[in-house]
Amino acid sequence: MIDVNAIGKEIRKKLDHIQTERENNRSCGKIVYTGDGIIRINGLHDVKYNELLEVRGGYRALALNLEEDGVGAVLFSGEDKISYGDLVYSTGKTVQMPVGESLLGRVVNPLGEALDGTEQPVTQETRPVEFPAPSIMDRDKVDRPLQTGILAIDSMIPIGRGQRELIIGDRQTGKTAIAIDTILNQKGEDVICIYVSIGQKASSLAKTIATLRNGGAMEYTCVICSTADDPVPLQYIAPYSGCALAEYFMYAGKDVLIVYDDLSKHAVAYRTMSLLLKRPAGREAYPGDVFYLHSRLLERAAKLSKEKGGGSITALPIVETLAGDISAYIPTNVISITDGQIYLESELFNSGVRPAVNVGLSVSRVGGSAQREAIRKISGQLRVNLAQYRELAIFMQFGSDLDSETQKTLSRGAKMSDTLRQRQYLNYSVKEMIILLTVAQSELVDKIPEKKITAYNEGLLDYIRINRADVLEKIDADRKLSDEERGMILSAAEECINYTVGDERESVAAEAETGAK
Ligand code: ATP
Ligand code: MG
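All values reported here derive from a predicted model rather than from experimental measurement. (Residues numbered from 1 in each chain as written. Chains lettered and ligands numbered in written order. Predicted model: local features only at pLDDT ≥ 70, side-chain atom pairs only at ≥ 80, totals over all residues. Heavy atoms only, no water.)

Caption draft 1: Structural detail: the overall build of the protein. Along the backbone of the protein there are 17 helices and 16 strands. Along the longest, intermediate and shortest principal axes, the C-alpha atoms of the protein span 100 × 55 × 40 Å. Relative to its 517 residues, the protein shows a buried fraction of 52%. For the protein, contacts bridging at least 24 residues in sequence account for 73% of all contacts bridging at least 6. A total accessible area of about 24400 Å² is found for the protein, and carbon and sulfur atoms account for 51% of it. The protein carries 61 positive and 72 negative side-chain charges, and their two centres are separated by 2 Å. (Helix = DSSP H or I, 4+ residues; strand = E, 2+ residues; numbered from the N terminus. Buried < 20%, exposed > 50% of the residue type's maximum accessible area, 1.4 Å probe, protein only. Contact = heavy atoms within 4.5 Å. Areas by Shrake-Rupley, 256 points an atom, 1.4 Å probe, with all protein chains shown as cover. Lys, Arg positive; Asp, Glu negative; His and termini not counted. Charge placed at Lys NZ, Arg CZ, Asp CG, Glu CD.)

Caption draft 2: Seen up close, the sheet that holds strand S13 (residues 255–261). If you walk across this open sheet you meet the eight strands as S8-S12-S11-S13-S14-S10-S15-S16, and the pairing is mixed. Each having just a single partner strand, strand S8 (107–108) and strand S16 (363–364) make up the two edges of the open sheet. Where S13 lies against strand S14 (residues 312–320), six bridges are found, and the strand directions are parallel. Each bridged residue has a counterpart across the sheet, and for Val259 the counterpart in S14 is Leu316. Packing against the sheet, helix H3 (residues 175–184) makes contact with strand S10 (166–169), strand S11 (191–200), strand S12 (221–227), S13, S14 and strand S15 (340–344), and its axis sits at approximately 160° to S14. Its contacts with the sheet put helix H8 (residues 329–337) on S10, S14 and S15, and the angle it makes with S10 is roughly 155°. (Pairing = 2+ DSSP bridges. Axes fitted to C-alpha atoms, helices over the stretch in contact; angles between N-to-C directions.)

Caption draft 3: Representation of the state of the cysteines within the structure. For the structure shown, the criterion picks out zero disulfides. Cys193 takes part in no disulfide bond, and the closest cysteine sulfur, belonging to Cys222, lies 11 Å away. Here Cys225 is not disulfide-linked; the sulfur of Cys222 is the nearest cysteine sulfur, at 8.9 Å. (Disulfide = S-S within 2.5 Å.)

Caption draft 4: The pairing of S14, seen in detail. Burial within S14 is extensive, with eight of its nine residues counted as buried. Strand direction decides the pairing type here: S10 and S14, joined by three bridges, are parallel. Bridge pairing in S14 places Ile168 opposite Val319.

Caption draft 5: Structural context of the side chain of Asp181. Residue position: Asp181 is located in helix H3. At 10 Å, Arg423 is the nearest oppositely charged side chain to Asp181, a buried residue that forms no salt bridge. (Salt bridge = Lys/Arg side-chain N within 4 Å of Asp/Glu carboxyl O.)

Caption draft 6: Here's a closer look at the pattern of salt bridges. Under the counting rule described, the total for this entry stands at 31 salt bridges. Close ionic contact of Asp476 with Arg479 constitutes a salt bridge, the shortest N to O distance being 3.2 Å. Salt bridges here are not isolated pairs; linked through shared partners, they connect Arg139, Arg164, Glu299 and Asp339.

Caption draft 7: Layout of the nonpolar core. Among the nonpolar cores identified, the biggest contains 74 residues, and Ile183, Ile342 and Ile434 are the most heavily contacted of them. By residue number, the principal contributor to this core is helix H13 (residues 430–440), which donates eight residues. When sequence neighbours within four positions are dropped, the list of residues in contact with Ile342 reads Ile153, Ile157, Ile159, Glu165, Leu166, Ile167, Ile168, Ile178, Val357 and Ser362. Ile192, Val256, Tyr286 and Ile313 belong to the second largest nonpolar core, which has 58 residues in total. (Core = buried A, V, L, I, M, F, W, Y, C linked by side-chain atoms within 4.5 Å.)

Caption draft 8: Main features of unusual backbone geometry. Asp261 connects to Asp262 through a cis peptide bond whose omega is -10°. Inspection of the secondary structure puts Asp262 in the loop between S13 and helix H6 (263–276). A positive phi angle, close to 55°, is found at Asp46, a residue other than glycine. Relative to the helices and strands, Asp46 resides in the loop between strand S2 (38–42) and strand S3 (51–55). Residue Asp46 is classed as exposed on the basis of its relative accessible area, which comes to 53%.

Structure below.
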């Protein structure tokens, strides 16, 4: 009798054996071209797309072009040490990022190697830098806010945990500042932060790291950096490495905030690689798959369902525009992938409106449902009122004699805009935001001189913290502000007006002057 099962078993055993043999027997090829960080290899079989290759001398490369007559790869290091004829081995693995709690507080490169001059972080696990995004069934609605601490954003462009919100603007408009302020504001919020720097100047990166360190944010933050002088492939994988680390925490049920600073430089790095690999160029010389480059990255940001642990990744990608052109290739791509954008404008920034958020062009498509109830109720009309004020202000520039009603609207609008100005590193708590918005939309503002609103606001918050702690205690951010709470806020604000503006105390006047400067 022939036992079919036994034969099957025997064949399977043989096949398993072959499989392991092949894994041990790594295929090997020869470099036939090297230049600009690119190598072409002949004789390398069984290589997967995105596989890590090992070059003689311990250098690593990434296989990107799999062609009939060879493999095209980019080098992570050792560009000047490699020559024609060197042997290259396949590894059978894609690029992996070491992940674990030990990376928090550290500055590492996109391969997980320490850059802060201390010992290598000890990790038990690695994750592939490329990983499929969670499916629709694994996701949940975005329903919890991620507080940035910036009044203009939290009131009008709210961000929820699991959302992707683009920060876009010209150079030097405070894009990084918003991201850093958001990270600093996560202190004590049980959110893990990852800051990925792509192709930035080493000097500005050093400044950012110092800011995070001084602000005590490094305890819950990992910085993954690739500077402008790093090899292009390192810049290319940096955001994916950051995302792999973020996923490790998300799948463990944690909330993660990840900042990609910035994706324009990432696209440029990818373009350099593609052109050197002789891939066909498309619009603005970017390769055809540049949309996929960012969509597969940002799709990995998600809010997971309860069954999957309920963790989340909130992504804040940054994109730099040229002369405010948001209809260029990369900006339009990323705008269409994300759930909204915060648009920063040079004109606003230079005229002193900081953060320079253009409220009209900024939007948050999902964060509204995650906003705290009290803030949502108070800021409901804010956007419309501000838009009306701006329109009126432009129209009235030419008019000389204004009736008192228009004057009042203009002055209130100006005060509202001033309230939304905020110094860097000065983050407001939700309750402080509620106080500021309530006062700015009440009739009380008419009693405060126009140029002094910033100083008054800062004074008011100090005053309430010291003399009226009961107000802070009473406010409940999770429901609509009751009349009683509103009354308390306004009475405290009135006391403060008498205390500061009414008396014209010298300290306040001086403060207002510096504020105006
Ligand atoms: P880059 O294009 O170089 O990356 P950026 O858009 O990231 O620039 P930042 O570096 O964040 O801009 O900010 C530019 C400058 O503006 C910095 O010196 C920063 O300190 C200052 N700045 C940013 N936001 C504010 C603010 N709210 N109040 C005052 N100054 C600010
Ligand atoms: Mg920046």
